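# Understanding the architecture of this molecule
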Amino acid sequence: MKHFEQTKGLLNNSALFYVVTTGMDGNYSYVNDNYANAFSSIHGNLVGQPYHITMHPDDINTCIEVAAKCFENPTKLFPATIRKHDGNDSYVYTQWEYKAMFDDEKNPVGIYCVGYNITKYVAEELDLKIAYEKIEKNSTVLEKIIFQQSHLIRAPLSNIIGLTSLLDKSLLDTNTSNICDMIIESSNQLDDVIKSIIKIARS
(Lines give C-alpha, C1' and ligand atoms only; values in the text may rest on other atoms or scores of the structure.)
Protein backbone atom coordinates (compact mmCIF):
# COMPACT_ATOMS: atom_id res chain seq x y z
CA MET A 1 0.00 0.00 0.00
CA LYS A 2 2.91 2.34 0.76
CA HIS A 3 4.20 2.08 -2.80
CA PHE A 4 0.75 2.75 -4.20
CA GLU A 5 0.31 5.86 -2.06
CA GLN A 6 3.61 7.17 -3.45
CA THR A 7 2.53 6.40 -7.03
CA LYS A 8 -0.87 7.99 -6.44
CA GLY A 9 0.71 11.13 -5.04
CA LEU A 10 3.10 11.37 -7.98
CA LEU A 11 0.59 10.73 -10.76
CA ASN A 12 -2.72 12.00 -9.39
CA ASN A 13 -2.55 15.08 -11.63
CA SER A 14 -0.66 13.45 -14.52
CA ALA A 15 -1.70 14.56 -18.00
CA LEU A 16 -0.28 11.37 -19.52
CA PHE A 17 -0.83 8.44 -17.17
CA TYR A 18 -4.00 6.84 -15.83
CA VAL A 19 -3.94 5.45 -12.28
CA VAL A 20 -6.81 3.35 -10.93
CA THR A 21 -7.41 0.86 -8.13
CA THR A 22 -10.12 -1.71 -7.68
CA GLY A 23 -11.14 -3.47 -4.49
CA MET A 24 -11.64 -7.19 -4.06
CA ASP A 25 -15.28 -6.65 -5.03
CA GLY A 26 -14.14 -5.54 -8.52
CA ASN A 27 -15.33 -1.96 -8.05
CA TYR A 28 -13.22 1.16 -8.57
CA SER A 29 -11.80 2.42 -5.27
CA TYR A 30 -9.70 5.23 -6.79
CA VAL A 31 -9.17 6.92 -10.16
CA ASN A 32 -6.74 9.77 -10.84
CA ASP A 33 -7.77 13.03 -12.48
CA ASN A 34 -6.59 12.02 -15.95
CA TYR A 35 -8.68 8.83 -15.92
CA ALA A 36 -11.68 10.66 -14.47
CA ASN A 37 -11.44 13.37 -17.14
CA ALA A 38 -11.25 10.75 -19.89
CA PHE A 39 -14.09 8.46 -18.78
CA SER A 40 -16.22 10.00 -16.00
CA SER A 41 -18.11 12.12 -18.51
CA ILE A 42 -19.32 8.88 -20.08
CA HIS A 43 -20.03 6.88 -16.91
CA GLY A 44 -20.28 9.50 -14.15
CA ASN A 45 -18.34 9.16 -10.90
CA LEU A 46 -16.47 5.88 -11.35
CA VAL A 47 -15.54 5.23 -7.73
CA GLY A 48 -17.79 2.45 -6.43
CA GLN A 49 -18.79 1.28 -9.92
CA PRO A 50 -17.68 -2.06 -11.48
CA TYR A 51 -14.28 -1.88 -13.21
CA HIS A 52 -15.65 -3.30 -16.46
CA ILE A 53 -18.15 -0.53 -17.24
CA THR A 54 -15.48 1.46 -19.08
CA MET A 55 -14.17 -1.33 -21.29
CA HIS A 56 -14.92 -3.43 -24.34
CA PRO A 57 -16.77 -6.60 -23.21
CA ASP A 58 -14.22 -8.81 -24.98
CA ASP A 59 -11.45 -7.44 -22.74
CA ILE A 60 -13.08 -8.33 -19.41
CA ASN A 61 -11.53 -11.80 -19.38
CA THR A 62 -8.11 -10.24 -19.99
CA CYS A 63 -8.51 -8.23 -16.77
CA ILE A 64 -9.60 -11.30 -14.83
CA GLU A 65 -6.65 -13.34 -16.08
CA VAL A 66 -4.11 -10.58 -15.40
CA ALA A 67 -5.53 -9.93 -11.90
CA ALA A 68 -5.19 -13.64 -11.07
CA LYS A 69 -1.53 -13.53 -12.12
CA CYS A 70 -0.98 -10.51 -9.89
CA PHE A 71 -2.21 -12.31 -6.79
CA GLU A 72 -0.21 -15.42 -7.70
CA ASN A 73 2.95 -13.30 -8.13
CA PRO A 74 2.63 -10.39 -5.64
CA THR A 75 5.99 -8.79 -6.47
CA LYS A 76 5.47 -8.62 -10.21
CA LEU A 77 3.78 -6.26 -12.66
CA PHE A 78 1.68 -7.68 -15.49
CA PRO A 79 0.78 -5.86 -18.75
CA ALA A 80 -2.59 -5.70 -20.49
CA THR A 81 -4.00 -3.85 -23.49
CA ILE A 82 -7.58 -2.77 -22.86
CA ARG A 83 -10.10 -1.02 -25.10
CA LYS A 84 -12.19 1.70 -23.42
CA HIS A 85 -15.46 3.34 -24.49
CA ASP A 86 -14.83 6.79 -25.98
CA GLY A 87 -18.44 7.96 -25.69
CA ASN A 88 -18.89 8.00 -29.48
CA ASP A 89 -19.75 4.36 -30.17
CA SER A 90 -16.08 3.54 -30.53
CA TYR A 91 -13.08 2.70 -28.35
CA VAL A 92 -9.70 4.05 -27.35
CA TYR A 93 -6.81 1.66 -26.82
CA THR A 94 -5.04 1.77 -23.46
CA GLN A 95 -1.90 0.00 -22.22
CA TRP A 96 -1.68 -0.95 -18.53
CA GLU A 97 0.50 -2.55 -15.91
CA TYR A 98 -1.30 -4.29 -13.04
CA LYS A 99 -0.06 -5.06 -9.53
CA ALA A 100 -1.74 -6.68 -6.55
CA MET A 101 -2.23 -4.65 -3.35
CA PHE A 102 -1.94 -6.13 0.14
CA ASP A 103 -2.50 -4.71 3.61
CA ASP A 104 0.06 -4.80 6.42
CA GLU A 105 -1.05 -8.34 7.34
CA LYS A 106 -0.39 -9.48 3.75
CA ASN A 107 -4.09 -9.82 2.98
CA PRO A 108 -5.10 -8.98 -0.60
CA VAL A 109 -7.07 -5.74 -0.83
CA GLY A 110 -7.26 -5.10 -4.57
CA ILE A 111 -5.39 -4.23 -7.75
CA TYR A 112 -3.74 -1.01 -8.79
CA CYS A 113 -3.03 -0.17 -12.39
CA VAL A 114 -1.00 2.44 -14.24
CA GLY A 115 -1.82 3.01 -17.91
CA TYR A 116 -1.86 5.40 -20.83
CA ASN A 117 -3.62 5.96 -24.15
CA ILE A 118 -2.05 4.11 -27.12
CA THR A 119 -4.81 4.74 -29.67
CA LYS A 120 -2.52 6.79 -31.92
CA TYR A 121 0.17 4.10 -31.76
CA VAL A 122 -2.36 1.37 -32.64
CA ALA A 123 -3.65 3.44 -35.58
CA GLU A 124 -0.10 4.02 -36.85
CA GLU A 125 0.67 0.32 -36.44
CA LEU A 126 -2.43 -0.52 -38.49
CA ASP A 127 -1.40 1.98 -41.17
CA LEU A 128 2.06 0.41 -41.20
CA LYS A 129 0.57 -3.07 -41.56
CA ILE A 130 -1.57 -1.90 -44.49
CA ALA A 131 1.50 -0.28 -46.07
CA TYR A 132 3.51 -3.50 -45.71
CA GLU A 133 0.66 -5.49 -47.25
CA LYS A 134 0.53 -3.02 -50.14
CA ILE A 135 4.30 -3.26 -50.61
CA GLU A 136 4.08 -7.05 -50.57
CA LYS A 137 1.26 -6.99 -53.12
CA ASN A 138 3.18 -4.55 -55.33
CA SER A 139 6.27 -6.73 -55.01
CA THR A 140 4.29 -9.72 -56.28
CA VAL A 141 2.97 -7.67 -59.20
CA LEU A 142 6.51 -6.45 -59.93
CA GLU A 143 7.82 -10.03 -59.97
CA LYS A 144 5.12 -10.95 -62.48
CA ILE A 145 6.06 -7.99 -64.67
CA ILE A 146 9.75 -8.96 -64.49
CA PHE A 147 8.88 -12.52 -65.47
CA GLN A 148 6.74 -11.37 -68.39
CA GLN A 149 9.43 -9.02 -69.63
CA SER A 150 12.18 -11.57 -69.14
CA HIS A 151 10.42 -14.52 -70.73
CA LEU A 152 7.14 -13.68 -72.43
CA ILE A 153 8.40 -10.54 -74.22
CA ARG A 154 12.09 -11.24 -74.77
CA ALA A 155 11.47 -14.74 -76.15
CA PRO A 156 9.48 -13.64 -79.22
CA LEU A 157 11.77 -10.63 -79.59
CA SER A 158 14.78 -12.96 -79.73
CA ASN A 159 12.93 -15.00 -82.35
CA ILE A 160 12.45 -11.90 -84.49
CA ILE A 161 16.17 -11.06 -84.24
CA GLY A 162 17.15 -14.64 -85.04
CA LEU A 163 14.78 -15.12 -87.94
CA THR A 164 15.69 -11.75 -89.47
CA SER A 165 19.39 -12.61 -89.20
CA LEU A 166 18.79 -15.90 -91.05
CA LEU A 167 17.48 -14.17 -94.16
CA ASP A 168 19.82 -14.54 -97.13
CA LYS A 169 20.40 -10.90 -98.00
CA SER A 170 21.92 -11.88 -101.32
CA LEU A 171 18.43 -12.82 -102.44
CA LEU A 172 16.90 -9.53 -101.29
CA ASP A 173 16.82 -6.21 -103.00
CA THR A 174 18.72 -3.37 -101.38
CA ASN A 175 15.64 -1.72 -99.88
CA THR A 176 14.39 -4.94 -98.27
CA SER A 177 17.86 -5.73 -96.97
CA ASN A 178 18.06 -2.29 -95.34
CA ILE A 179 14.67 -2.87 -93.73
CA CYS A 180 15.91 -6.18 -92.30
CA ASP A 181 18.97 -4.41 -90.85
CA MET A 182 16.74 -1.78 -89.25
CA ILE A 183 14.46 -4.49 -87.78
CA ILE A 184 17.49 -6.22 -86.24
CA GLU A 185 18.89 -2.93 -84.89
CA SER A 186 15.55 -1.82 -83.43
CA SER A 187 14.94 -5.27 -81.94
CA ASN A 188 18.39 -5.23 -80.28
CA GLN A 189 17.72 -1.75 -78.90
CA LEU A 190 14.34 -2.89 -77.52
CA ASP A 191 15.98 -5.97 -76.00
CA ASP A 192 18.56 -3.75 -74.28
CA VAL A 193 15.78 -1.54 -72.88
CA ILE A 194 13.91 -4.56 -71.50
CA LYS A 195 17.08 -5.95 -69.91
CA SER A 196 17.76 -2.53 -68.34
CA ILE A 197 14.25 -2.36 -66.89
CA ILE A 198 14.59 -5.88 -65.47
CA LYS A 199 17.94 -4.97 -63.89
CA ILE A 200 16.47 -1.85 -62.25
CA ALA A 201 13.42 -3.76 -61.01
CA ARG A 202 15.60 -6.44 -59.40
CA SER A 203 18.04 -4.03 -57.76
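Quick note: structure is the one above.
This section reports on the structure supplied with the text. (Residues numbered from 1 in each chain as written. Predicted model: local features only at pLDDT ≥ 70, side-chain atom pairs only at ≥ 80, totals over all residues. Heavy atoms only, no water.)

## Quick look at the overall build of the protein chain
Helix and strand counts for the protein chain stand at five helices and five strands. Over its C-alpha atoms the protein chain spans a radius of gyration of 35 Å, topping by over 25% the 17 Å that the globule rule assigns to 203 residues. Its C-alpha atoms give the protein chain principal-axis dimensions of roughly 110 × 35 × 30 Å. Taking all 203 residues of the protein chain together, 31% fall into the buried category. Sequence separation of at least 24 residues holds for 44% of the intrachain contacts in the protein chain that already meet a minimum separation of 6. Element-wise, carbon and sulfur atoms account for 56% of the exposed surface of the protein chain, whose accessible area totals about 13200 Å². A gap of 4 Å separates the mean positions of the 18 positive and 25 negative side-chain charges of the protein chain. (Helix = DSSP H or I, 4+ residues; strand = E, 2+ residues; numbered from the N terminus. Rg over C-alpha atoms; globule rule 2.2 N^0.38 Å. Buried < 20%, exposed > 50% of the residue type's maximum accessible area, 1.4 Å probe, protein only. Contact = heavy atoms within 4.5 Å. Areas by Shrake-Rupley, 256 points an atom, 1.4 Å probe, with all protein chains shown as cover. Lys, Arg positive; Asp, Glu negative; His and termini not counted. Charge placed at Lys NZ, Arg CZ, Asp CG, Glu CD.)

## Quick word on the side chain of Thr54
Note that Thr54 resides in the loop between helix 2 (33-43) and helix 3 (60-72). On the accessibility criterion, Thr54 (0% relative accessible area) is buried. Among the polar contacts listed, one links the side chain of Thr54 to the side chain of Lys84, at a separation of 2.9 Å. Thr54 has contacts with Tyr28, Tyr35, Phe39, His43, Leu46, Arg83, Lys84 and His85, leaving out every residue within four places of it along the chain. (Polar contact = N/O pair within 3.5 Å; in protein donor to acceptor, adjacent residues only side chain to side chain.)

## Comments concerning the pairing of strand 2 (residues 28-31)
Taken together, the three bridges between strand 1 (residues 17-23) and strand 2 define a ladder with antiparallel strand orientation. In the strand pairing of strand 2, Thr21 is matched with Tyr30. Hairpin connection, strand 1 to strand 2: the antiparallel pair is bridged by four residues, and Gly26 has positive phi, about 85°. (Pairing = 2+ DSSP bridges.)

## Here we look at unusual backbone geometry
The backbone of Lys106 shows a phi angle near 70°, a positive value even though the residue is not glycine. Looking at the element boundaries, Lys106 is found in the loop between strand 4 (91-102) and strand 5 (108-117).

## Here we look at the environment of Phe39
Structurally, Phe39 can be placed in helix 2. C-alpha separation for the pair Phe39 and Ile200, spaced 161 residues apart in sequence, amounts to 54 Å.

## Comments concerning the sheet that holds strand 2
Taken in spatial order, the five strands line up as 2-1-5-4-3 in an open sheet, and their pairing is antiparallel. Edge strands, defined here as strands with exactly one partner in the open sheet, are strand 2 and strand 3 (78-85). The mean angle between the axes of side-by-side strands here comes to 30°, regardless of whether they run parallel or antiparallel. Where helix 2 meets the sheet, its contacts fall on strand 1, strand 2, strand 3 and strand 4, and the angle it forms with strand 1 comes to roughly 70°. (Axes fitted to C-alpha atoms, helices over the stretch in contact; angles between N-to-C directions.)

## Structural notes on the pattern of salt bridges
Following the criterion strictly, the structure yields one salt bridge and no others. Put simply, Asp59 and Arg83 hold a salt bridge, and the shortest N to O gap is 2.9 Å. Taken together, the residues span a long stretch of sequence, with Asp59 in the loop between helix 2 and helix 3 and Arg83 in strand 3 at a distance of 24 residues. By relative accessible area, Asp59 is classed as buried at 7%. (Salt bridge = Lys/Arg side-chain N within 4 Å of Asp/Glu carboxyl O.)

## Re the packing of aromatic side chains
In total, this model carries eight aromatic pairs according to the counting rule given. Within the aromatic cluster, the residues linked to one another by ring pairs are Tyr18, Tyr28, Tyr35, Phe39 and Trp96. (Phe/Tyr/Trp six-rings, centres within 6.5 Å; stacked < 30°, edge-to-face > 60°.)

## A closer look at the nonpolar core
By size, the foremost hydrophobic cluster in this structure holds 23 residues, and its most contacted members are Tyr35, Trp96 and Tyr98. Looking at this core, the elements with two or more residues in it are strand 1, strand 2, helix 2, helix 3, strand 3, strand 4 and strand 5. For Tyr35, the residues in contact, after removing those within four places along its chain, are Tyr18, Val20, Tyr28, Ser40, Leu46, Thr54, Lys84 and Trp96. (Core = buried A, V, L, I, M, F, W, Y, C linked by side-chain atoms within 4.5 Å.)

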